[in-house]
Amino acid sequence: MQGKLCARTRIRAGLLVSFSMKETKRPTIIDVAHAANVGASTVSRHVRGGKSVSPEVARRIEIAIAQLGYEPNTLARSLRVGRTQTLGVLFPHVNNVFFGNALRTIQTEARINGFTVMLLTHQEEAKLQQEQLASLKRSQVDGIIVVPAAETNVAQVRALLGNTPVVAFDRSLGSAVDSVMLDNYKAAREATEHLLGHRHSHIVAVNAPYKLQPLQSRFNGYKEAMEAAGRRAETIVWHESEQRRKELCAALQRKREPATAILSMSYSVTLAILSTLRESHIALSKIGFIGIDDMEFANFIHPPLTTLAQPAEQFARLAFQQLLGRTSGSKEKPVHVVVAGNMMIRSSCGCKPASPRSL
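All figures in this text were calculated on a predicted structure; none of them were measured in a lab. Here the residue numbering is sequential within each chain, running from 1 through the sequence in written order. The predicted nature of this model means local features are confined to residues of pLDDT at least 70 and side-chain atom pairs, given and counted, to a pLDDT of 80 or more, with totals for whole chains, interfaces and linings taken over all residues. Think of the side-chain values as coming from all heavy atoms in the structure, minus any hydrogens and water.

By the convention used here, strands pair only if DSSP detects at least 2 bridges between them. Working definition: helices are DSSP H or I runs of at least four residues, strands are E runs of at least two. Numbering for both runs from the N terminus. Strand order in the open sheet formed by six strands is β4-β3-β5-β6-β7-β13, and the pairing between neighbours is parallel. The outermost strands of the open sheet, each flanked by one partner alone, are β4 (116-121) and β13 (336-339). Ignoring which end each strand starts from, the neighbouring axes of this sheet average 15 degrees apart. In terms of strand pairing, strand β3 (residues 86-91) meets β4 through six bridges, oriented parallel. Across the sheet, phenylalanine 91 pairs through a bridge with threonine 121, a residue of β4. Contact definition: two residues touch when any of their heavy atoms are within 4.5 Å. To get an axis, fit a line to the C-alpha atoms, keeping to the stretch in contact for a helix; angles then go from 0 to 180 degrees between the N-to-C directions. Where helix α5 (residues 97-112) meets the sheet, its contacts fall on β3, β4, β5 (143-146) and β6 (166-169), and the angle it forms with β3 comes to roughly 175 degrees.

Shown next as structure tokens:
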């Protein structure tokens, strides 16, 4: 016999019978059925997760699959049923705690439900976002979870995606698209009121330059809390520049009505503020500070940072369940879920650190 041969096995009532096949032939569902001494439809039902196959038959099929190295043809199945069992996830990036934890949760939920995840990023660029969405569309993903980029043209996004199910995550894509978002107004207002409760008379808010609805809502929450307390709101829109660093330092060091506390509106802004304070030799312990978005190293800063954390895992599960419903054919009206943040009280806000427990 010419050519390299590999073993092939028939499983019949516990008896293993070996025969051969050419290595170049990819095992098919018919080969598995023949080896397990069952019909091809029975193998197909078992591979799809059907529960009508008896334990003994399932055992024989699994042995045959392992012996032959059979892998289901997912492409053929997707063409047949019109689904790829793949979900697209488009985030700005994954280099902070919130997006990183959210992605892990989405991947876990997807795996449990038989989906794979295709992850892309847009780096807050609307043009790149369109390119990435087009790529996901060409890949025929069953649905997409997207964090819209700054200055997204909602009409263009919806026109591009057509009937592809979409859930907007962390930011809105308009009233016609499902969404899961933080209660940004309440989060910033709560953080501001907490600092006011520590008798900080002048709180400066530092915001990112992006024209994003969540950041605008956070500013509104801060502004209205300040006005309700009879205090003047002051905002620095942060850009990575020497001018902005000088502006922040000047607000903290001026002789007349210096800022006594800072409210940072995002993870990236908090990083920039901490860097500026260190370079300018301004001790964080001398001011009040709260950052919206928790940080993986918040407990290692001196003093430990008080933050307003977004519950990433809860966000992700809600978004995944919304998308799962849409991919299953749900025609309900768009659902907009608003989630409350969690204040992580540490010391930078002015609260005293918890006393160590006696062992």
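Below, the discussion takes up unusual backbone geometry. Of note, the bond from histidine 302 into proline 303 is cis; its omega dihedral lies within 30 degrees of zero at -10 degrees. Inspection of the secondary structure puts proline 303 in the loop between β11 (288-292) and β12 (306-309). A positive phi is found at asparagine 37, a non-glycine position, where the angle reads about 60 degrees. Locating asparagine 37 in the fold gives a position in the loop between α1 (29-36) and α2 (40-47). Notably, glutamate 151 is not glycine yet its phi reads approximately 60 degrees, a positive angle. With respect to the element layout, glutamate 151 can be found in the loop between β5 and α7 (154-161).

As a further point, take the pairing of β3. For every residue, the accessible area obtained with a 1.4 Å probe (protein chains only) is divided by the maximum for its type, and the residue is called buried under 20%, exposed over 50%, and partly exposed between those limits. In terms of residue burial, β3 counts as a mostly covered element, since six of its six residues are buried. What you see with β3 is no split at all: Thr86, Gly88 and Leu90 on one side and Leu87, Val89 and Phe91 on the other are buried throughout. Regarding topology, α5 serves as the crossover connection from β3 to the parallel β4, and that connection is right-handed. With four bridges joining them, β3 and β5 adopt parallel strand pairing. Looking across to β5, one finds that leucine 90 is bridged to valine 146. Assignment of crossover handedness uses the view with strands pointing away from the viewer, where a clockwise path from the first strand over the helix to the second indicates a right-handed crossover.

Read these as spatial facts, not as claims about activity.
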